[in-house]
Amino acid sequence: MDLFKFQENAASQIASRFANYVANPLMVDRVTTVPFLQTLVSITGSGKTIILADSVAQIRDWLPLQPIVLWVSKGRIVVAQTHANLSSGRYADKLPGFSVKPLLQVAPSDIEDTEQGLLLVATVGKFAVEEEAGSDRKVFEAQLDLASESLWGLLKRRRSRSGTRRPLLIVYDEGHNLSDLQTRRLLELSPDGLIAASATMSLPSRLENTITRLRTDRAWQDEDFITAVTSKDVVASGLVKERIAIGGYVTPMETAVDALLADMADAREAAGHLPIPFRPKAIYVCSTNAVDGVPISEDLKRPFDERQARPILIWRHLVENAGIDPEKVVIYSQLKFAKEMPAPKSMRVLSGGDRDYTDFINGDFEHIIFNLSLQEGWDDPTCGFAYIDKEMASARQVTQVIGRVLRQPGAEHYSNPSLNTAHFYIRTDERGVFDDILEDVRKQLVSEHPAVALTIKKEGGGRILDKVNPDPPRTVPTIGIHSIKAKQPIADIINKMMDFSLGGLNTVGQGSRMLVLQEIGAGAEAIFEWTEVEHSNRVTARSIFRRELHRLYSGALRRAGGPINLIDIELPKFDALIELTSPAADHVRGVARSVVETYIAHSRIFQNDFDAPYSVGPIAVDRADAVEFGKALHGLYSGLNPLELRFARALDRTQRVWARNPRNSGFYIPLLDMASSSTYWPDFLVWVDKAVVAIDTKGDHLLAEASVGKLFDIDTLGEPAKVVLRLISDGEAEALPSGQINRIGKQGFTVWSWKNGRLHGIHAADEKSAVRLALDVA
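Residues numbered from 1 in each chain as written. Predicted model: local features only at pLDDT ≥ 70, side-chain atom pairs only at ≥ 80, totals over all residues. Heavy atoms only, no water.

K.L.:
What exactly am I supposed to notice about the layout of surface pockets here?
P.N.:
Sizing a probe to match a water molecule and rolling it over the atoms shows the empty space that remains. Its boundaries defined by the atoms lining it, the second largest pocket holds a volume of some 680 Å³. If you go around the second largest pocket, you meet 26 residues; those closest to its centre are Asp93, Lys94, Pro96, Thr540 and Ser543. With 5 residues, the top contributor of residues to the lining of the second largest pocket is helix H16 (residues 541–552). Residues that form the lining of the second largest pocket fall into these classes: 7 nonpolar, 6 polar and 13 charged. (1 Å grid on protein atoms, 1.4 Å probe; cavity = no way out; pocket = protein on both sides within 12 Å on 5 of 7 lines; lining within 4 Å. Points joined across faces, edges and corners; volume = space filled by probe spheres on them. Helix = DSSP H or I, 4+ residues; strand = E, 2+ residues; numbered from the N terminus. Nonpolar A, V, L, I, M, F, W, Y, C, P; charged D, E, K, R; others polar.)

K.L.:
Would you take a moment to explain the packing of helix H18 (residues 642–653) against helix H21 (residues 767–774) for this structure?
P.N.:
The packing of two helices is summarised by the inter-axis angle and the distance between the axes. Taken N-terminus to C-terminus, the directions of H18 and H21 make an angle of 60°; their axes are 9 Å apart at the nearest point. Taken together, H18 and H21 sit at an angle that is classed as oblique. The crossing of H18 and H21 is right-handed. Residue-level contacts link Arg646, Phe647, Ala650 and Leu651 of H18 to Glu767, Lys768, Ala770 and Val771 of H21. A class-by-class count of the residues in the contact of H18 with H21 yields 5 nonpolar, no polar and 3 charged. (Axes fitted to C-alpha atoms, helices over the stretch in contact; angles between N-to-C directions. Parallel < 35°, antiparallel > 145°, perpendicular 65-115°, else oblique. Left-handed = near helix turned anticlockwise from the far one by under 90°. Contact = heavy atoms within 4.5 Å.)

K.L.:
Which parts of the structure should I look at to understand H18?
P.N.:
One full turn of an α-helix is made of 3.6 residues, so residues set three or four places apart face in the same direction. End to end, H18 covers 17 Å across 12 residues, agreeing with the expected 16 Å (1.5 Å per residue, within 8%). Here H18 has its buried residues at Glu644, Leu645, Phe647, Ala648, Ala650, Leu651 and Asp652. The N-capping residue of H18, defined by a side-chain oxygen 3.1 Å from the backbone nitrogen of Leu643, is Asn641. Downstream of H18 by one or two residues, Gln655 has phi in the positive range, about 70°. (Expected span 1.5 Å × (residues − 1). Buried < 20%, exposed > 50% of the residue type's maximum accessible area, 1.4 Å probe, protein only. Polar contact = N/O pair within 3.5 Å; in protein donor to acceptor, adjacent residues only side chain to side chain.)

K.L.:
Just checking my understanding: could you explain the sheet that holds strand S4 (residues 68–73) for this structure?
P.N.:
In a beta sheet, neighbouring strands are held together by backbone hydrogen bonds and run either parallel or antiparallel to one another. Strand order in the open sheet made by the 7 strands is S5-S6-S4-S7-S8-S3-S9, with parallel pairing throughout. At either end of the open sheet lies a strand with only one pairing partner, and these are strand S5 (98–102) and strand S9 (226–228). Going from strand to strand, the sheet's axes swing by 20° on average, the running direction of each strand aside. Bridge count for S5 against strand S6 (residues 117–123) is 5 bridges, and the pairing is parallel. (Pairing = 2+ DSSP bridges.)

K.L.:
Just to check I follow, could you spell out the side chain of Lys281 for this structure?
P.N.:
Its location among the elements puts Lys281 in strand S11 (residues 281–285). A distance of 2.7 Å separates polar atoms of two side chains, one belonging to Lys281 and the other to Asp380. Among residues more than four places away in sequence, those in contact with Lys281 are Met264, Asp364, Phe365, Glu366, Asp380, Thr382, Cys383, Gly384 and Phe385.

K.L.:
Would you mind showing me how to read the pairing of strand S38 (residues 758–764) here?
P.N.:
A regular strand places its side chains on the two faces of the sheet in alternate fashion. Judged from the 7 bridges that link them, strand S37 (residues 741–755) and S38 form a sheet pairing that is antiparallel. Counted as the bridge partner of Phe749 is Ala764 from S38.

Have a look at this one:
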């Protein structure tokens, strides 16, 4: 599983900071180091687990000994999923050379074995107790058939067969749960590093001494403790939805749920036409056994048709009124029934918590009724709809539920905005209550998810997402990268790459020294000395090559394209084991750079007339700030910034059919440049005779790229060019023969095109003139 560029950047930052610190760590006493400390702050759905896994793999590569990693989390379900994903699941390839085991299954021989890394997964409940004595925790008990000391004691010592102490790294997923007690227990192990990850991170007071030492003795600032992932990068990657739509309903429950079902039906129809279709799901958050004005004991005695418990009322409306198959509906909470008044046979109630989780997952339910205690770890990306009942409607509970519906199915944004939106239907008793909730939610979203757009509809009673379909429908030819001519030059480079399979001095790192704790002697006579180790763990040439490809060219590892697809990455020479700081590693990185440069030089951006064209889809609008247009495909647009609005009005006056192009889900052009992201979305599309003009009003950053000519000069496979690109920059400028851009003045705009093999700019006094020049495709 390949990482996105922002994920690898985050993992690399954590690993490089760790490597720099442990080369000269602070000391608590003669044998105990002050642990490296790092918090990964990243929004829900950003792939924190794969970032942590990759950082662990990179840290291992820098260390002189194979490390032990203790990977902990609070929930049993999360830990079970982590074990499955890291040992044999989707992230296993990120941890080559690691043995992954549950903590309580580790044997002393596993700790002594330094031939491979050891990753142990556990819940904090395995060790988070006040006193070891009298505790029923197996981790503190001696395994008499295996060793004379407890597993916790073995981890404290973590001695290899040669007597060296293995490095210990602690990873805490969902780190917002980290408590003082857990921290105290974990620090007893004298770890070399502690990495905690969460969307909202706060560190317990038990770490104050560690933080103070790092601030005082190493001059660490706040930013040195944090590796932050921007929500903009996560949204752009397609991992999370790009919009949150919230509707407030001072109505009966049935009205709000009906609005949800209507929006969900539209989304389901759109999802059914995708190349890989899916069925959107919904959750319904309500109290379990509370009943308005009636004791639960009295409600239990009523016939089922007269029960007033909220899950029952929602279930009945879904099944009896909306006609939903009861096999697709589940109540995942401890809903009570009297023996004489049982639930109907068609009602699925899962009240066993962890015990029922497997049945819950295997049931593939599409409508899930619960009371906020839905298991941590359930993160189905197809869930895009949430109804929140009045008893549960508070800002805190709404933001808790946001993570349940924020992940994006398929990790890509679609042309239909319903599939890119997290829908919330909040039922309250008073309009003022919704306004208070909304204000608090808005503040938290701005803080935690600033790149996710927020749409509000206060007048509940209907659907919450306003969509406008294109009229008339229009298409744009698909743009791709034609790289067949790069295949042979890249093969020649790979053939010349040196083979280091036999080892030798060139595979040994230079100048990287770390200290390891060595036990000398045995028993009561044993003493401990720090020993300098010059070499790091060896990694495959393949790993170094792939990582360098990805660093240089963000689209390098994409399955649909990129130089990796032109290389036989399974060649035996890529199996060679080398150290990161060795001359061999430098050679492999140089080969990767040559491959990327050759790929860019010999590839072309082309118009693919054989694949289905891009069809302009519907757009979401916020009617509170929407602007109407006469010739636009959608009739009105919202969220236009002042510059976009000026150009939109200028385009509308040309009487040409045009459309605003949504970023991340609209028409895009792939880029061929090491300095940029892999895709580019123009602002506007304009249909001029047989051509489609793609206009960007903020294209200054593209002008300086070495491959700008390929961006303008789009090849075709036989058909006349149909897609024409125009960039518009602020002020007056000219392109020098060297390719540099010379700024002349600040007035007006410059319209850029490609003529006679070079960049050509024409000055325009205003947006009207700029649009006229941009649409001149003669």
